[in-house]
Amino acid sequence: MNGLHLTTTRLELVAGTIALAKAEIDDLPALARMLNVPLPAHWPPPLNDEQSQKYFLNALLNAAPDHAGWQLWYCVLREPRVLLGSAGFKGIPAEGLVEVGYSMLEEHQRNGYCTEAVRALIGWAFQHPDVNLVIAHTLPDLLPSIRVMEKCGLVFAGNGPLEDGVQTVRYELTRERFQQSRR
C-alpha cells in the first residue's frame, strides 16, 4: 500500500486517498482489502456518517497533491491488523490553525487507541512550520472525547460553533505548549 503513513507503538495511521474514501462509501470489502485488514463488523465509527464520508471524499478530490494528510486518516491496529476508526484534520492549515477530529469504533474505545492516534497526528501537524495551533471541537456531554483532548495536551478554550443546534466546546494546543510538553 502506497501513500502517507504514520506508525506509533501500536498503530498504523494511513492517510486517506481518493481511492480509499470512495471504497469507504461504496465498497467496504474493498476498503478492508486496501488497508489489509479484516472486514470490520461495524462501520463507520460513531458520528461519522454518509455526510462526513462525502465531506472527506470531496476534500480529497479538491486537494492539491502536496496537501496529503490534511484530511482523513484511517487508524489501524498493527498486530493483529484491525481497522479501529478514523481521525484527521478539517483541511490544510489556515492562519496557522488546524482542527483535528477523531472517532473509534465502539468495540475499540477505552483502550487508548484514539489518544495514541491523535497524539501522532498532532505531532505530524506541528512538524509543519505553518501550524501554530491545533484545535478540536466536541459536544460538551462527550466526556470520553474531552478526555482524549486533555490527554493529548489540549486545554479548554471556551465555546465552539453550534453543531445541529447544540453548542460545542473548543480545546486547543499551541505549538509552544506542545514543544514544552516534549522536553
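Above this text sits the structure in question.
What you see is a predicted model; the values in this text were computed from it and never measured.

(A) Examining the sheet that holds strand S2 (residues 11–15) more closely. The sheet built from 8 strands is open, its strands ordered S1-S2-S3-S4-S5-S6-S8-S7 with mixed pairing. Every other strand in the sheet has two partners, leaving strand S1 (5–7) and strand S7 (155–163) as the edge strands with one partner each. Taken pair by pair, the neighbouring strands of this sheet meet at an average axis angle of 30°, ignoring direction. Relative to strand S6 (residues 133–138), strand S5 (residues 97–104) is paired through 3 bridges, and the arrangement is parallel.

(B) Representation of helix H1 (residues 18–26) in the model. Along H1, the positions that sit buried rather than exposed are Leu20, Ala21, Ala23 and Glu24. Axial view of H1: buried residues confined to an arc of 160°, hence all on one face. Each element contacted by the buried residues of H1 is listed here: S2, helix H2 (28–35), helix H3 (50–62) and strand S3 (72–78).

(C) Looking closely at the packing of aromatic side chains. All told, the structure shown has 7 aromatic pairs when counted by the stated rule. For the ring pair tryptophan 73 and tryptophan 124, a centre distance of 5.5 Å and an interplane angle of 70° mean the geometry is edge-to-face. With tryptophan 73 in strand S3 and tryptophan 124 in helix H4 (residues 113–126), the pair connects residues that are 51 residues apart, well separated along the chain. By relative accessible area, which is 0% here, tryptophan 73 ends up buried. Three or more aromatic residues link up through ring pairs in this structure, and these residues are Trp70, Trp73, Phe89 and Trp124.

(D) Just the state of the cysteines, in detail. On inspection of all chains with the given rule, the structure shows 0 disulfides. Left without a disulfide partner, cysteine 152 is nearest to the cysteine sulfur of cysteine 114, which lies 7.4 Å away. Cysteine 152 sits in the buried class, given a relative accessible area of 9%.

(E) Main features of the pairing of S6. Counted residue by residue, S6 has 5 buried out of 6 residues, so it is predominantly covered. Read as a crossover between parallel neighbours, the route from S5 over H4 to S6 is right-handed. The pairing of S6 with strand S8 (residues 166–174) spans 6 bridges and is classified as antiparallel. If you follow valine 134 over to S8, its bridge partner there is leucine 173.

(F) The nonpolar core, seen in detail. By size, the foremost hydrophobic cluster in this structure holds 37 residues, and its most contacted members are Leu13, Trp73, Phe89, Val118, Ile122, Val134 and Leu154. Counting residues per element, the ones that place at least two in this core are S2, S3, strand S4 (81–89), S5, H4, S6, helix H5 (143–151) and S8. It is H4 that contributes the most residues to this core, 10 residues altogether. Residues contacting leucine 13, with those up to four places away along its chain left out, are Leu4, His5, Leu6, Trp73, Tyr74, Cys75, Ala117, Ala120 and Leu121. The next biggest cluster of nonpolar side chains, apart from the first, holds 18 residues, and it includes Ala21, Ala23, Leu35 and Leu60.

Thresholds, definitions, all that
- Residues numbered from 1 in each chain as written.
- Predicted model: local features only at pLDDT ≥ 70, side-chain atom pairs only at ≥ 80, totals over all residues.
- Heavy atoms only, no water.
- Pairing = 2+ DSSP bridges.
- Helix = DSSP H or I, 4+ residues; strand = E, 2+ residues; numbered from the N terminus.
- Axes fitted to C-alpha atoms, helices over the stretch in contact; angles between N-to-C directions.
- Buried < 20%, exposed > 50% of the residue type's maximum accessible area, 1.4 Å probe, protein only.
- Arc of directions from axis to C-beta.
- Contact = heavy atoms within 4.5 Å.
- Phe/Tyr/Trp six-rings, centres within 6.5 Å; stacked < 30°, edge-to-face > 60°.
- Disulfide = S-S within 2.5 Å.
- Right-handed = clockwise from strand over helix to strand, strands pointing away.
- Core = buried A, V, L, I, M, F, W, Y, C linked by side-chain atoms within 4.5 Å.

Read these as layout, nothing more, since geometry by itself doesn't imply function.
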